[in-house]
Every structure is written in structure tokens, then in C-alpha cells.
Amino acid sequence: MADRQFEEGTTLDRFLMDTLADHPGATGTFVNLCQSVALAGKMISARVNRAGLAGMLGETGEVNIQGEFVQKLDDYANETFKAALVHRGHTCMVVSEEEEEPVLIEERWHSGRYVVTVDPLDGSSNIDCNATIGTIFGVFRRRSSEGGPAGLPDVLRSGRDLIAAGYIVYGSGTLLVLGSEAGVHGFTLDPTIGEFFLSHPNIRIPDGKIYSCNEAYALRWPPGIGRFLRSAKERGFRARYIGSLVADFHRNMLKGGVFLYPADTHAPQGKLRLLYEGFPLAYLAERAGGAATDGTSPILDRVPAELHERTPLIIGGRALVEEVTASMRADSV
Ligand code: AHM
Ligand code: MG
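Calculation criteria
- Residues numbered from 1 in each chain as written.
- Chains lettered and ligands numbered in written order.
- Predicted model: local features only at pLDDT ≥ 70, side-chain atom pairs only at ≥ 80, totals over all residues.
- Heavy atoms only, no water.
- Donors = N, O, S within 2.8 Å, 3.2 Å for Na, K, Ca; no water.
- Helix = DSSP H or I, 4+ residues; strand = E, 2+ residues; numbered from the N terminus.
- Buried < 20%, exposed > 50% of the residue type's maximum accessible area, 1.4 Å probe, protein only.
- Core = buried A, V, L, I, M, F, W, Y, C linked by side-chain atoms within 4.5 Å.
- Contact = heavy atoms within 4.5 Å.
- Axes fitted to C-alpha atoms, helices over the stretch in contact; angles between N-to-C directions.
- Parallel < 35°, antiparallel > 145°, perpendicular 65-115°, else oblique.
- Left-handed = near helix turned anticlockwise from the far one by under 90°.
- Nonpolar A, V, L, I, M, F, W, Y, C, P; charged D, E, K, R; others polar.
- Phe/Tyr/Trp six-rings, centres within 6.5 Å; stacked < 30°, edge-to-face > 60°.
- Pairing = 2+ DSSP bridges.
- Near = heavy atom within 4 Å.
- Polar contact = N/O pair within 3.5 Å; in protein donor to acceptor, adjacent residues only side chain to side chain.
- Areas by Shrake-Rupley, 256 points an atom, 1.4 Å probe, with all protein chains shown as cover.
- Domains from an automatic or database assignment.

Caption draft 1: How the structure looks around the coordination of the magnesium ion (ligand 2). Every protein donor of the magnesium ion (ligand 2) is listed here as Asp119 (OD), Asp122 (OD) and Glu277 (OE), and their distances to the metal cover 1.9 to 2.1 Å. Donor residues for the magnesium ion (ligand 2) sit on one chain with the sequence pattern D-x2-D-x154-E. Of this pair, aspartate 122 sits in strand 4 (residues 114–122) while glutamate 277 sits in helix 6 (residues 274–287); the two residues are 155 residues apart in sequence, bridging distant segments of the chain. You'll find aspartate 122 and glutamate 277 in the same group, each marked buried.

Caption draft 2: The arrangement of the nonpolar core in detail. Counting 41 residues, the largest nonpolar core has Leu12, Ile44, Leu121, Leu176 and Phe187 as the members making the most contacts within it. With 8 residues, the single largest contributor to this core is helix 2 (residues 29–49). Excluding its chain neighbours within four sequence positions, the residues that come into contact with phenylalanine 187 are Leu12, Phe15, Thr174, Leu175, Leu176, Leu178, Phe196, Phe197, Leu198 and Ser199. Val155, Leu272, Leu284 and Ile299 belong to the second-largest nonpolar core, a separate cluster that totals 40 residues.

Caption draft 3: Expanded view of the packing of helix 2 against helix 3 (residues 72–86). Between helix 2 and helix 3, the least distance of the axes is 9 Å, while the angle of their chain directions is 155 degrees. Comparing their axes, helix 3 and helix 2 come out roughly antiparallel. At the point where helix 2 passes helix 3, the crossing takes the right-handed sense. Two secondary-structure elements touch here, helix 2 through Leu33, Ser36, Val37, Ala40, Met43, Ile44, Arg47 and Val48 and helix 3 through Leu73, Tyr76, Ala77, Thr80, Phe81, Ala84 and Leu85. Partitioned by chemical class, the residues of the contact of helix 2 with helix 3 number 12 nonpolar, 2 polar and 1 charged.

Caption draft 4: View of the packing of aromatic side chains. Taken as a whole, this structure holds 7 aromatic pairs when the rule is applied. Where phenylalanine 228 meets phenylalanine 237, the ring centres are 6.3 Å apart and the plane angle is 90 degrees; that geometry is what we call edge-to-face. When its relative accessible area of 2% is taken as the criterion, phenylalanine 228 is described as buried. Relative to phenylalanine 259, the ring of tyrosine 241 has its centre 6.3 Å away and its plane inclined at 25 degrees; by these criteria the two rings are stacked.

Caption draft 5: Summary view of the environment of proline 120. Topologically, proline 120 is positioned in strand 4. Considered as a pair, proline 120 and isoleucine 44 are 76 residues apart in the sequence and their alpha carbons are 9.2 Å apart. Excluding anything up to four places from it in sequence, proline 120 contacts Ala77, Asn78, Ser96, Glu97, Glu98, Gly134 and Thr135.

Caption draft 6: Examining the sheet that holds strand 12 (residues 258–261) more closely. Sheet architecture is open: 5 strands sit in the order 11-10-12-16-14, paired in mixed fashion. Edge positions in the sheet fall to strand 11 (238–239) and strand 14 (291–293), since each of these pairs with one other strand and no more. Relative to strand 11, strand 10 (residues 210–212) runs parallel, the two being bridged by 2 bridges. By the bridge assignment for strand 11, tyrosine 211 is matched with alanine 239. Along the sheet, helix 5 (residues 245–255) makes contact with strand 10, strand 12 and strand 16 (313–316), crossing strand 10 at roughly 165 degrees. Helix 7 (residues 318–329) contacts strand 10, strand 12, strand 14 and strand 16 of the sheet and is inclined by roughly 155 degrees relative to strand 16.

Caption draft 7: Layout of the pairing of strand 1 (residues 59–63). Sheet topology places strand 1 next to strand 2 (residues 69–71); 2 bridges connect them, and they run antiparallel. Within the sheet, the bridge partner assigned to valine 63 lies in strand 2 and is phenylalanine 69. Here strand 1 folds back onto strand 2, and the loop between the two strands holds 5 residues, one of which, glycine 67, carries a positive phi near 80 degrees.

Caption draft 8: Layout of the site of ligand 1. Near ligand 1 there are 18 residues, and of these Gly123, Tyr217, Tyr241, Leu245 and Tyr261 occur at the shortest range. One of the side-chain nitrogen or oxygen atoms of glutamate 277 is found 3.1 Å away from an oxygen atom of ligand 1. Considering ligand 1 on its own, with 470 Å² of exposed area, one finds that the protein chains cover 88% of that surface. Residue assignment for the shell around ligand 1 shows that the elements contributing at least two residues are strand 4, strand 12 and strand 13 (272–273). Looking at side-chain class alone, the shell around ligand 1 contains 6 nonpolar, 5 polar and 7 charged residues. Among the domains, domain 1 (12–200) and domain 2 (210–332) are the pair contributing at least three residues each to the shell around ligand 1.

Here is the structure:
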């Protein structure tokens, strides 16, 4: 079905209904879930666009489970996502980068079919300077029986179990990229009418000569990363790094290249989170013909032992990810 052609300009709703038609017997619950995600995305986009005016810049004064200062917009995005997901009956469990524990779902919604992982506002250190930020999400089908509450085994599982993932970038425009078995497609928000329209059908990561990493940390990295970067420079690569994973990843999805956030001597497990960042983006990369590894094995083969588990992340075009991973493996033989 990934090869099916969708017409540019199609609304997100129409696209979802068309893909639903490919699944006779489907109940439309997944469509409802995607509509809830899109609604949350529109609300966050509106708030991001007038952040400087609405007194929404700066920190709340709280520190989150990751030990990072919570920005007011982090808080707003987290609350908005929770509100969009927990009262609709499609979702039995939400785990958020901003929440220590899974979000509590009322008993009457326990029958929900899906589990959602979300980084409500990725790249939030960029908020105050108007650089691109975004939301990242992943979707599992629950494996516990519907009716009772979901539990940790519904989310501490292989990334291969994801059935969909996506992100929303709040940049010069707002774009929702959705990956599922129907392929990876991008929808641009027309803010004048509040509707997402298909603008980037069937995204495939092209070959590209871009590397994206925080090279200020190079002295702390494994030598294999340094060898790759030297070779990339000799081959005429360009460096692009915003410091907002979702924005760096999105650019590389469209232009090719590789994003690297390796483990280092300060962060031996890496910085990025497996459930909220690694899994969803790895799912999208693979669906778009790319790859993602932790330097040893494919990200999607990992099984997190805890909600906020971190991971090194090498992600982007397949050939480049394989080249970096091979270079890192050479260090361990
Ligand atoms: P966040 O989810 O709290 O915003 O943190 C993750 C961000 C990523 O978006 C980005 O790739 C990385 O942290 C940047 O880290 P660094 O400043 O160390 O380069
Ligand atoms: Mg993040």
C-alpha cells in the first residue's frame, strides 16, 4: 500500500478516510486518533506563532524528569496533547517525555486500543529565539486485552511493534509528517482555514551530503565518529545543525544526510530518549528508505527497560547510517 499515489492538495481527513477504505472492517479508531493528534498540533502551532505576545516565553520554574528546566510552551504542549488524547476512547495509555509516569486515563476510556508516546515539544531550548521546534509521536496497538487498564508491558516493547509514528514541525510553516503502513506523507497546515493539506506525498530520503551533529562534543565521542566526519569533509559534505532534533531530522528527510547524537563520555547512554524520539523517528526513517542505529544495532530492535531510557542515535539516509555504524563497530574489534 505504500506505493499508492495520493493527490497533492488532499486534506488530511480525506487522506485518512481513503486509507481507511483499504482496510475493510476497520473501525475508524486510528483515524480518530490521527485527528486528535492533528488538533493538538494546530493548537500548539497557534500558540507557538504568538509565543512572544502571549507571555508564553521562558521557563515555568519547574524541572522535568529529564532534569531539564521546563519551558512554558513545553508545559502547554504537554497539557494539550494529554487533553487531546485521554478523553476520546481511542487511547488507553499516553507516555510523555515531560511526565515521570504514564498519564492516568479515566476508567471509562480504558478500552482504548492505542498507546501513544510523545515528546510534546522537542528542541525547546530553541523556543526563545524563534528557531524551529516540533512534536514527535509514536503509536503502538495495545497488547493487553481491551477493557482493563493498560500497563507498562504495553509500551516497554520492541520498536518493531509501532504501527505508526509522526512529527509536527513548527517552522516557517507547520507541517505534519505521518508514517504508517500507507507510507510517509507530509501535510502542511493552511493557518487561514485551519486545515492540513497533503504537500509532501510519499517521502523517500534522498542521497545527500549533509551531516548534522553537535561537533563541539567531538573530543568526547568514540573515534569511529571522528573518522567518519573526516572522510565526509574530504568528500565535500556540508554541516547543518539546528539543535532541534525534529527540525534536523526533517531537513535530512527531504534533503538527505545523516544526524548523529552518539553516546559520549558525559552521556554514556546518549542524550535522546528511545520511546519519545528514537523509536518514532527510526520508524519514519525506515519507512522512507533510510535507517537508524544506536551505533551497534537498529534502533527499532531495541526494547526499553524503562520509560525514559536514553539512546545514542545515528539516523538518516541508509548508506550513510551504515557507513557511520561500520566505522563505530571498527572501534570495538
Ligand atoms: P528536548 O527534547 O528536551 O528538546 O531535548 C532534545 C534536543 C534535541 O532536539 C536536539 O537534537 C538535542 O537535544 C540537542 O542537544 P545539544 O544541545 O546537546 O546539541
Ligand atoms: Mg526532544
